[in-house]
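These are the residues of each chain, in order.
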Amino acid sequence: DELRGRGFAVATFDWPGQGGSYRFLAEPLKAHVWNFSEYDSALSLFMEEVVKPLSDKPPIALAHSMGGHILLRALHDRPNAFTCTVLSAPMLRALTRGYPRWLARAACWFENVIGAGCDWVWGMDERDPHKVTFDTQLVTSARGRFQRTQDFLRVHPDLRLAGPTWGWLEQAYRSMAMMDRSGYAEAISTPVLICAPGRDRIVDVTAEYEFVRRLPKGEIHPMPESEHEILMENDLI
């Protein structure tokens with residue numbers, strides 16, 4: 001509604017495995033995907049079937065976190081699909097909560113090798129939105145907006161998502177490694193604005209600064225007081 005109030009036509013959707021979209025596993029609270037190419041296919045279908053009929057002009061894209069990551073994949077593979085893009089805290093490198101990155105990567109590889117790809121990443125089953133309180137959440141300083149989401153999920157519990165599986169995390173690591181390779185960011189010709197939260201506890205913001213320096217038309221907007229969910233933050237932010 002706020003975007004529409006500024007004169008934009010808006011088309012939006014839930015990624016496969018999230019929200020109102022279909023889930024890959026019988027346990028709907030698990031964030032899981034077999035390959036990130038399934039996200040690519042969903043975005044392509046959405047653009048063709050929903051967005052394209054709205055206008056002949058290439059659209060502007062706004063994407064958050066994992067969605068920002070998937071959008072960057074699209075910008076690399078389809079350079080003329082968007083006029084410009086805004087990314088909110090894009091997932092370029094995951095935080096490992098005090099563990100060395102190599103150890104977290106090795107644990108993920110091992111869990112997938114032993115066949116635990118559909119199991120929760122350690123502790124993620126406790127991230128069920130019905131269990132999380134404002135004091136234990138990690139994404140916003142806006143108590144009112146957090147509570148609004150909680151209230152909505154009480155009425156629509158099927159939309160809940162807790163945390164990822166080892167299989168999802170393995171695919172995320174592979175995709176992030178692909179983006180980190182020399183030449184990947186450099187090949188993205190679409191203008192990209194990255195909004196970088198200074199208090200992000202979900203993704204590593206330093207990776208966003210590193211990535212934007214490699215973009216031919218990249219710009220970063222620091223938001224030092226913001227947590228991960230910029231679009232759910234308080235009015236001052």
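Further up the page is the structure itself.
Keep in mind the model is a prediction, meaning the values are calculated, not measured.

Rules behind the numbers
- Residues numbered from 1 in each chain as written.
- Predicted model: local features only at pLDDT ≥ 70, side-chain atom pairs only at ≥ 80, totals over all residues.
- Heavy atoms only, no water.
- Pairing = 2+ DSSP bridges.
- Helix = DSSP H or I, 4+ residues; strand = E, 2+ residues; numbered from the N terminus.
- Axes fitted to C-alpha atoms, helices over the stretch in contact; angles between N-to-C directions.
- Contact = heavy atoms within 4.5 Å.
- Salt bridge = Lys/Arg side-chain N within 4 Å of Asp/Glu carboxyl O.
- Buried < 20%, exposed > 50% of the residue type's maximum accessible area, 1.4 Å probe, protein only.
- Polar contact = N/O pair within 3.5 Å; in protein donor to acceptor, adjacent residues only side chain to side chain.
- Expected span 1.5 Å × (residues − 1).
- Phe/Tyr/Trp six-rings, centres within 6.5 Å; stacked < 30°, edge-to-face > 60°.

1. Points about the sheet that holds strand 3 (residues 84-88)
Here is step 1: Strand order across the open sheet formed by four strands is 2-3-5-6, with parallel pairing between neighbours. Each of the sheet's edge strands pairs with one partner strand only, and the pair in question is strand 2 (60-64) and strand 6 (218-223). The mean inter-strand angle of the sheet, taken between neighbouring strand axes irrespective of direction, is 15°.
Here is step 2: Inspection of the sheet shows strand 2 paired to strand 3 by five bridges, in the parallel sense. Residue pairing for strand 3: Leu62 is matched across the bridge by Val86.
Here is step 3: In this fold helix 3 (residues 66-77) packs onto strand 2, strand 3 and strand 5 (192-197), with an angle of close to 140° to the strand it touches most, strand 2.

2. Overview of the pattern of salt bridges
Here is step 1: The tally for this structure, following the rule as stated, stands at 13 salt bridges.
Here is step 2: For the salt bridge of Arg73 with Asp40, the shortest nitrogen-to-oxygen distance reads 2.6 Å. Highlighted residues: Arg73 in helix 3 and Asp40 in helix 2 (residues 37-51), separated in sequence by 33 residues.
Here is step 3: Arg73 gets classed as buried once you look at its relative accessible area, which sits at 10%.
Here is step 4: The shortest N-O distance in the salt bridge between Lys131 and Glu126 comes to 3.7 Å.
Here is step 5: What makes Lys131 partly exposed here is its relative accessible area of 49%.
Here is step 6: Bridged by salt links that share partners, the residues Arg93, Asp204 and Glu210 form one connected network.

3. Notes on the side chain of Asp204
Here is step 1: Along the chain, Asp204 turns up in the loop between strand 5 and helix 7 (205-214).
Here is step 2: Exposure remark for Asp204: the relative accessible area of 11% places this residue in the buried category.
Here is step 3: There is a polar contact of 2.5 Å between the side chain of Asp204 and the side chain of Thr206.
Here is step 4: Excluding residues within four positions of it along the chain, Asp204 makes contact with Arg93, Leu95 and Arg101.

4. What about helix 3?
Here is step 1: Here helix 3 contains twelve residues, and its C-alpha end-to-end distance of 17 Å stays within 8% of the 16 Å for a straight helix at 1.5 Å per residue.
Here is step 2: Buried residues dominate helix 3, accounting for ten of its twelve residues.
Here is step 3: Three or more residues of helix 3 are buried, namely Met66, Gly67, Gly68, His69, Ile70, Leu71, Leu72, Arg73, Ala74 and Leu75.

5. Quick look at the packing of aromatic side chains
Here is step 1: This structure, assessed with the given rule, holds eight aromatic pairs.
Here is step 2: Aromatic side chains Trp15 and Tyr39 sit 6.0 Å apart centroid to centroid with 75° between the ring planes, which places their arrangement in the edge-to-face category. Of this pair, Trp15 sits in the loop between helix 1 (2-5) and strand 1 (30-31) while Tyr39 sits in helix 2, and the two are 24 residues apart along the sequence.
Here is step 3: Given a relative accessible area of 13%, Trp15 falls into the buried group.
Here is step 4: Taking the centre distance of 4.9 Å and the plane angle of 80° together, the rings of Trp122 and Trp166 count as edge-to-face. Placement of the pair is Trp122 in the loop between helix 4 (101-113) and helix 5 (143-155) and Trp166 in helix 6 (residues 166-180), with a sequence separation of 44 residues.
Here is step 5: Trp122 gets classed as exposed once you look at its relative accessible area, which sits at 59%.
Here is step 6: A network of ring pairs unites the aromatic residues Phe13, Trp15, Phe36, Tyr39, Phe46 and Trp168 as a single cluster.

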